[in-house]
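Letter by letter, the chains look like this.
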Amino acid sequence: MCEINVIYGLNDTKINKNHLIALRKMALSSGKNNQDGFGFFSDRFLIKKNVCFDEKQPKRMLNRFVDNDFVVSHFRLSTAGGKTLDNTQPIKLDNLILVHNGHLSGYSTISLTKSDSYKLALTIEQEFKQSHDEIKAIKTGLDSENYYSVFAYFPATKRLFYVKDSVTDFKFFLVKD
């Protein structure tokens, strides 16, 4: 199963070099078991590649995230959809940036080329375009038959949501300066 990591500045603290050192360590660990692509996004930048994150990835790649409010990363282990850049997360659409870990039962049978995460992002995007309501859009995409951990960022409103069911793992680490 994929892995998601997040660094979030508490009390109006921005992301600094120490946070990025911790993020790189988490990324190297996550990349060992999730080799089908990786991505990082913040309130200002997005990077993604459909290769394994390992020591070959330049340390300076993450430097652009200094002074951002948060950084979310995703490390893909392909279980649905092709091993393509389109299916590598984060998935960026017009009104949404999304990372997902888990299984979405209603999405895997629609297409063999697109991942369930990509289809989830499209569903949330379509509902948000109609309703302009982030919470309604997220609820439309997720239901009780799925298990998941999802970060959804709406750039227009600068709102980051984390939605999780009770089955998927959640680990919390405090990074001190």
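Keep in mind the model is a prediction, meaning the values are calculated, not measured. (Residues numbered from 1 in each chain as written. Predicted model: local features only at pLDDT ≥ 70, side-chain atom pairs only at ≥ 80, totals over all residues. Heavy atoms only, no water.)

Applying the stated criterion across every chain yields a total of 14 aromatic pairs. Geometrically, the ring pair formed by F41 and F70 is edge-to-face, given 5.9 Å between the ring centres and 80 degrees between the ring planes. In this pair, F41 is assigned in strand β2 (residues 38–42) and F70 in strand β4 (residues 70–75), connecting sequence segments 29 residues apart. Comparing F41 with F70, the two get one shared label, buried. When the ring of F45 is compared with that of F65, the centres are 6.3 Å apart and the planes differ by 85 degrees; the resulting orientation is edge-to-face. Linking F45 in the loop between β2 and β3 (46–49) with F65 in the loop between β3 and β4, this pair joins segments that are 20 residues apart in sequence. Put simply, the rings of F38, F40, F45, F53, F65 and F75 touch in pairs and so form one group of aromatic residues. (Phe/Tyr/Trp six-rings, centres within 6.5 Å; stacked < 30°, edge-to-face > 60°. Helix = DSSP H or I, 4+ residues; strand = E, 2+ residues; numbered from the N terminus. Buried < 20%, exposed > 50% of the residue type's maximum accessible area, 1.4 Å probe, protein only.)

We now examine the sheet that holds β2. Ordered in space as β1-β4-β2-β3, the four strands form an open sheet in which the pairing is antiparallel. Two strands in the sheet have a free side with no partner beyond their single neighbour: β1 (3–8) and β3. Direction aside, the axes of adjacent strands within the sheet are offset by 10 degrees on average. As paired strands, β2 and β3 are joined by four bridges and run antiparallel to one another. (Pairing = 2+ DSSP bridges. Axes fitted to C-alpha atoms, helices over the stretch in contact; angles between N-to-C directions.)

Further remarks concern the environment of N50. Looking at the secondary structure, you find N50 in the loop between β3 and β4. Judged by its relative accessible area of 35%, N50 falls in the partly exposed class. On a C-alpha basis, the gap between N50 and Q35 in space is 8.5 Å, while along the polypeptide they are 15 residues apart. In this structure, N50 is in contact with D36, G37, K83, T84, L85 and T88, ignoring residues within four places of it in sequence. (Contact = heavy atoms within 4.5 Å.)

Before going further, it helps to spend a moment on the pattern of salt bridges. Tallied over the entire structure, the rule returns seven salt bridges. Taking the shortest distance from any N to any O, the salt bridge between K83 and D36 comes out at 3.6 Å. You can see K83 sitting in the loop between β4 and β5 (91–92) and its partner D36 sitting in the loop between α1 (17–33) and β2, a full 47 residues away along the chain. Here E125 and K129 are joined by a salt bridge, their closest N and O atoms 3.7 Å apart. One end of the pair is E125 and the other is K129, both in helix α2 (residues 116–131) and four residues apart, which spans about a single turn. For E125, a relative accessible area of 4% gives the class buried. Taking the relative accessible area as the measure of exposure, K129 reaches 44% and is therefore partly exposed. Three or more residues are tied together by salt bridges with common partners; here these are D94, E125 and K129. (Salt bridge = Lys/Arg side-chain N within 4 Å of Asp/Glu carboxyl O.)

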